[in-house]
Amino acid sequence: MILASLLFAFLAAALHVFIFTMESLTWTRPATWKRFGVASQQDAETTKSLAYNQGFYNLFLAVGAFVGVGLVVFGGSGSVQDVAGWTLIFSCCGSMLLAAAVLAFTGRKYLRAAATQGTTPLLAVVLGLLAVLQ
């Protein structure tokens, strides 16, 4: 279960790096803003600074999850590194999961995006809890 949890935490982090790239680096490209349901190039330009900021939130969550995975992998079971790693994984993946829940409650048209954003952190948290509580 530990390996599966770490894999899903890693995948959740990788997805959030991809989301960061879209929001902070390629937001004004039509392929990106259309994916987010933005109506026009002008609207993309208007919301560019908001998306830029949001992208960094996603990047920071991803970095925390990556660091957490690394600490668990390279720390001994029950070590300070192991505990810090699981704390980061639960905190970062839990935040990703809660953000996906907020997105899902925003409207039906966001359910697919919420499921995409929330599935891997959900699995990381659930499997991690099962592994840690054994």
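If you check an unreviewed UniProt entry, the protein appears there as Membrane protein from Pseudarthrobacter defluvii.

Visitor: Describe in detail helix H5 (residues 80–106), supporting the description with residues and values.
Guide: Given a rise of 1.5 Å per residue, 27 residues ought to cover 39 Å, and the 39 Å separating the end C-alpha atoms of H5 matches this to within 8%. Burial in H5 covers these residues: Asp-82, Gly-85, Trp-86, Ile-89, Cys-92, Cys-93, Gly-94, Met-96 and Ala-100. Contact partners of the buried residues in H5: helix H1 (2–25), helix H4 (48–74) and helix H6 (111–132).

Visitor: I'd like a rundown of the environment of Ala-12, residues and numbers included.
Guide: Within the secondary structure layout, Ala-12 lies in helix H1. Sequence separation between Ala-12 and Ala-62 is 50 residues, and the spatial gap between their C-alpha atoms is 7.4 Å.

Visitor: Quick rundown of the UniProt feature "transmembrane region" (unreviewed entry) in the protein? Include the residues and the values.
Guide: According to UniProt, the "transmembrane region" (unreviewed entry) feature falls on residues 56–76, 83–105 and 111–133. Along residues 56–76 the backbone is 90% helical and 0% strand, and the end-to-end C-alpha distance reaches 31 Å. Note that residues 83–105 is 100% helix and 0% strand, and that its end C-alpha atoms are spaced 32 Å apart.

Visitor: How would you sum up a nonpolar patch on the surface? Please name residues and give values.
Guide: A surface patch of nonpolar side chains, amounting to about 340 Å² of accessible area, comprises Met-1, Leu-122, Val-126 and Leu-130. Its location among the elements puts Leu-130 in helix H6. Residue classification places Leu-130 among the partly exposed positions, given a relative accessible area of 42%.

Visitor: How would you explain the packing of H5 against H6 if you had to name every residue and give the values?
Guide: The N-to-C vectors of H5 and H6 enclose an angle of 150°; their axes lie 8 Å apart at closest approach. Classified by the angle their axes make, H5 and H6 are roughly antiparallel. Crossing of H5 over H6 shows left-handed handedness. Two secondary-structure elements touch here, H5 through Trp-86, Phe-90, Cys-93, Gly-94, Met-96, Leu-97, Ala-99, Ala-100, Leu-103 and Ala-104 and H6 through Leu-111, Ala-113, Ala-114, Gln-117, Gly-118, Pro-121, Leu-122, Ala-124, Val-125, Gly-128, Leu-129 and Val-132. Looking at the contact of H5 with H6, its residues break down into 18 nonpolar, four polar and no charged.

Visitor: Report on the layout of surface pockets, specifying residues and quantitative values.
Guide: As a volume, the largest pocket reaches approximately 910 Å³. Those elements that provide at least two residues to the lining of the largest pocket are H1, helix H2 (30–35), H4, H5 and H6. Taken together, the residues of the lining of the largest pocket sort by class into 17 nonpolar, eight polar and four charged.

Visitor: Describe the side chain of Thr-32, naming the residues involved and giving the relevant values.
Guide: Structurally, Thr-32 can be placed in helix H2. Judged by its relative accessible area of 7%, Thr-32 is buried. With residues up to four places along the chain from it excluded, the contact list for Thr-32 reads Met-22, Thr-26 and Trp-27.

Cut-offs used in this document
- Residues numbered from 1 in each chain as written.
- Predicted model: local features only at pLDDT ≥ 70, side-chain atom pairs only at ≥ 80, totals over all residues.
- Heavy atoms only, no water.
- Helix = DSSP H or I, 4+ residues; strand = E, 2+ residues; numbered from the N terminus.
- Expected span 1.5 Å × (residues − 1).
- Buried < 20%, exposed > 50% of the residue type's maximum accessible area, 1.4 Å probe, protein only.
- Contact = heavy atoms within 4.5 Å.
- UniProt positions renumbered as here; feature names shortened; annotations may be inferred.
- Patch = residues over 30% accessible without salt bridge, like charges linked within 9 Å, V, L, I, M, F, W, Y side chains within 5 Å.
- Areas by Shrake-Rupley, 256 points an atom, 1.4 Å probe, with all protein chains shown as cover.
- Salt bridge = Lys/Arg side-chain N within 4 Å of Asp/Glu carboxyl O.
- Axes fitted to C-alpha atoms, helices over the stretch in contact; angles between N-to-C directions.
- Parallel < 35°, antiparallel > 145°, perpendicular 65-115°, else oblique.
- Left-handed = near helix turned anticlockwise from the far one by under 90°.
- Nonpolar A, V, L, I, M, F, W, Y, C, P; charged D, E, K, R; others polar.
- 1 Å grid on protein atoms, 1.4 Å probe; cavity = no way out; pocket = protein on both sides within 12 Å on 5 of 7 lines; lining within 4 Å.
- Points joined across faces, edges and corners; volume = space filled by probe spheres on them.

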